[in-house]
Amino acid sequence: MTGKQAVKVVLLAIVVGVYLIPSPIEPEPYIFEGPPPALEGPLAVNTRLQRGRRLFAGQLKGPESFTADKNGNVYTGTVDGKLWRITNDTLTFITQMGQNLSECGTSMDYEPVCGRPHGLRLDPHGQLIVADSYLGLFKVDPLTGEKTLLHSSKEGADGIPFGFLNGLEISKNGTVFFTDSSSRWGRRHVRYEVLETNHLGRLLSYDTESGRVQTLLDSLYMPNGFAFSADEDFLLLAETSIGCISRFWLKGPKAGTKETVLSNMIGYPDNIRVSDRGTFLVGINTVRFRGRLFPPFLDLLGPYPALKRFVVKIIPLRWYDALLPSYGLLLELGSNGDLLDSLHDPTGTLTWAISDVFQQKELYYLGSTDLPFLAVLEQWS
């Protein structure tokens, strides 16, 4: 056997060996409606998202979502499982959602133990209601840090444990609405969830009086953040893994039905918040731009489950972030999902991978899932 033949045999053996290794994911095919929309009109590239500043560098890692009390104090949670209060430029620790270990925040592997607060809102009594991605729904006293478990992820709903609690809102009557992004993958395996493009997510509600949890929608593609309309006749919901925003009707003749209002988006939506103008602000976690030679990475893999299985066997999870551009983008939508405006940070000068856009008077707090700072936008127009 010649040297070239030996090399070919070795390479073939490696390929066959990798092929025979079981894949950790069970992917489904998904084909986007078309190429990403062009960067023109309301999507035209600009640098308006660079008009801000970074706070608490090295102190806050992954401030995912925000809420505020009547005194203007802002609350958020971070990757180390901690809840914080922000008063002007002062940071105050409130509590640890799980165990307070020195390893918390050093690796996603510790998150199931340390906790990872995602959606959080203040209820009518001034208590924080928190969706911890791993542990469940909690009530937290923002002054004392006292925690009360309302509903555990192990208990779940309809016999299915929660795998990845994410978005949370409280209606005017006090009902807690929340999303479980996946019954299969937790937050630390979110890349698997996106690559699988499965529909194992749910929108649920929790009745604070009876403690009853009800499934409102199932078979959702990684449901994430959502926001109510002004009179709460519907909510807009981000289905992240397919780049889509849906409307779920809560009242009226369409109550209980779901419809798509924005699809084939320029990126993957995360949280949705309401501005003081009555519009919906959407954080884009990862942009989906047209390539010069090839379509975007997930567009390319989408139709081919076998290719997805192969890719996750040869690329470690920690490498995927290197494939993502440091491009900041947020969208402003009308009530019908029509695109009104967009703010860009093409070079990531202020931030990128935006999870939340929370308006507090003239400031906009920009969340992230993993970045080690808090970005604050000081000017919209």
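Since we're looking at a predicted model, the values are computed, not measured.

Criteria and thresholds
- Residues numbered from 1 in each chain as written.
- Predicted model: local features only at pLDDT ≥ 70, side-chain atom pairs only at ≥ 80, totals over all residues.
- Heavy atoms only, no water.
- Phe/Tyr/Trp six-rings, centres within 6.5 Å; stacked < 30°, edge-to-face > 60°.
- Helix = DSSP H or I, 4+ residues; strand = E, 2+ residues; numbered from the N terminus.
- Buried < 20%, exposed > 50% of the residue type's maximum accessible area, 1.4 Å probe, protein only.
- Lys NZ or Arg CZ within 6 Å of the ring centre and 35° of its normal.
- 1 Å grid on protein atoms, 1.4 Å probe; cavity = no way out; pocket = protein on both sides within 12 Å on 5 of 7 lines; lining within 4 Å.
- Points joined across faces, edges and corners; volume = space filled by probe spheres on them.
- Nonpolar A, V, L, I, M, F, W, Y, C, P; charged D, E, K, R; others polar.
- Contact = heavy atoms within 4.5 Å.
- Polar contact = N/O pair within 3.5 Å; in protein donor to acceptor, adjacent residues only side chain to side chain.
- Pairing = 2+ DSSP bridges.
- Axes fitted to C-alpha atoms, helices over the stretch in contact; angles between N-to-C directions.
- Salt bridge = Lys/Arg side-chain N within 4 Å of Asp/Glu carboxyl O.
- pLDDT = per-residue confidence, 0-100.
- Disulfide = S-S within 2.5 Å.

Topic: the packing of aromatic side chains
Link 1 in the chain: Counted according to the given criterion, the structure contains 14 aromatic pairs.
Link 2 in the chain: Between Phe177 and Phe228 the ring centres are 5.2 Å apart and the planes differ by 85°, which places this aromatic pair in the edge-to-face class. Note that Phe177 is positioned in strand E11 (residues 176-180) and Phe228 in strand E14 (residues 223-228), a separation of 51 residues in sequence.
Link 3 in the chain: For Phe228, a relative accessible area of 10% corresponds to the buried category.
Link 4 in the chain: Ring-pair connections join several aromatic residues into one group, and the members of that group are Tyr30, Phe32, Tyr221 and Tyr268.
Link 5 in the chain: Stacked on the ring of Phe234, the Lys or Arg Arg247 has its end atom at 5.1 Å from the ring centre.

Structural notes on empty space enclosed by the protein
Link 1 in the chain: Scanning the model with the defined rule gives one cavity of 30 Å³ or more in all.
Link 2 in the chain: Estimated volume of the largest cavity: approximately 70 Å³.
Link 3 in the chain: Of all the secondary structure elements, the ones that give two or more residues to the lining of the largest cavity are helix H3 (190-196) and helix H4 (297-301).
Link 4 in the chain: A class-by-class count of the residues in the lining of the largest cavity yields six nonpolar, three polar and one charged.

A few points about the environment of Lys308
Link 1 in the chain: Relative to the helices and strands, Lys308 is located in helix H5 (residues 305-314).
Link 2 in the chain: We classify Lys308 as buried; its relative accessible area is 2%.
Link 3 in the chain: The contact partners of Lys308, leaving out residues within four places of it in the chain, are Ile25, Pro27, Glu28, Leu195, Glu196, Thr197, Leu301 and Gly302.
Link 4 in the chain: Polar side-chain contacts of Lys308 include one of 2.9 Å to the backbone oxygen of Glu28.

Side note on the sheet that holds strand E4 (residues 82-87)
Sheets are built from strands paired through backbone hydrogen bonds, the pairs being either parallel or antiparallel.
Link 1 in the chain: Pairing is antiparallel across the open sheet formed by four strands, whose spatial order is E2-E3-E4-E5. Edge positions in the sheet fall to strand E2 (66-68) and strand E5 (90-96), since each of these pairs with one other strand and no more. Neighbour-to-neighbour, the strand axes of this sheet turn through a mean angle of 25°, independent of strand direction.
Link 2 in the chain: Sheet topology places strand E3 (residues 74-77) next to E4; four bridges connect them, and they run antiparallel. Bridged to Val74 within E4 is Ile86.

Quick word on the pattern of salt bridges
Link 1 in the chain: Evaluated as defined, the whole model comprises 17 salt bridges.
Link 2 in the chain: In this structure, the salt-bridge partner of Asp341 is Arg48, at a minimum N-O distance of 2.9 Å. Within this pair, whereas Asp341 is found in strand E21 (residues 339-345), its partner Arg48 is found in the loop between helix H1 (3-20) and strand E1 (52-55), the two being separated by 293 residues in sequence. This pair shows no difference in class: Asp341 is buried, exactly as Arg48 is.

Some details on the sheet that holds strand E18 (residues 267-274)
Link 1 in the chain: The strand order E18-E19-E20-E21 describes an open sheet built from four strands, whose pairing is antiparallel. At either margin of the open sheet sits one strand with a lone partner, and together these are E18 and E21. Each adjacent strand pair in this sheet contributes to an overall mean axis angle of 25°, direction not counted.
Link 2 in the chain: Two elements, strand E20 (residues 328-333) and E21, share six bridges in a ladder whose sense is antiparallel.

Description of the pairing of strand E12 (residues 201-206)
For a regular strand, the rule is simple: side chains alternate between the two faces of the sheet.
Link 1 in the chain: In terms of residue burial, E12 counts as a mostly covered element, since six of its six residues are buried.
Link 2 in the chain: Across the two faces of E12 the burial is the same, with Gly201, Leu203 and Ser205 and Arg202, Leu204 and Tyr206 all buried.
Link 3 in the chain: Looking at chain direction, E11 and E12 are connected through five bridges and run antiparallel. Residue pairing in the sheet places Phe178 in a bridge with Leu204 of E12.
Link 4 in the chain: Of the pairings in the sheet, the one linking E12 to strand E13 (residues 213-220) comprises five bridges and is antiparallel in character. Bridge pairing in E13 places Tyr206 opposite Val213.

A look at the confidence of the model for the protein
Any residue range with low pLDDT should be treated as having predicted coordinates unsuitable for detailed reading.
Link 1 in the chain: Residues at a pLDDT of 70 or more form 95% of the protein, whose mean pLDDT is 93.
Link 2 in the chain: For residues 8-14, every residue scores under 50 in pLDDT, and the model assigns this stretch one contact once sequence neighbours within four places are set aside.

Observations regarding the state of the cysteines
Link 1 in the chain: All chains considered together, the criterion is met by one disulfide.
Link 2 in the chain: Here Cys104 engages in a disulfide with Cys114; their sulfurs sit 2.0 Å apart. Judged by the torsion about the S-S bond (-90°), the Cys104/Cys114 disulfide is left-handed. Here Cys104, found in the loop between E5 and helix H2 (111-114), pairs with Cys114, found in helix H2; they are 10 residues apart in sequence, far enough to count as distant. An identical accessibility class is assigned to Cys104 and Cys114; each is buried.

Examining unusual backbone geometry
Link 1 in the chain: For Phe56, which is not a glycine, the phi torsion comes out positive at approximately 55°.
Link 2 in the chain: For Phe56, the position within the fold is in the loop between E1 and E2.
Link 3 in the chain: A positive phi angle, close to 55°, is found at Asp158, a residue other than glycine.
Link 4 in the chain: As for its position among the elements, Asp158 is in the loop between strand E9 (147-152) and strand E10 (165-170).

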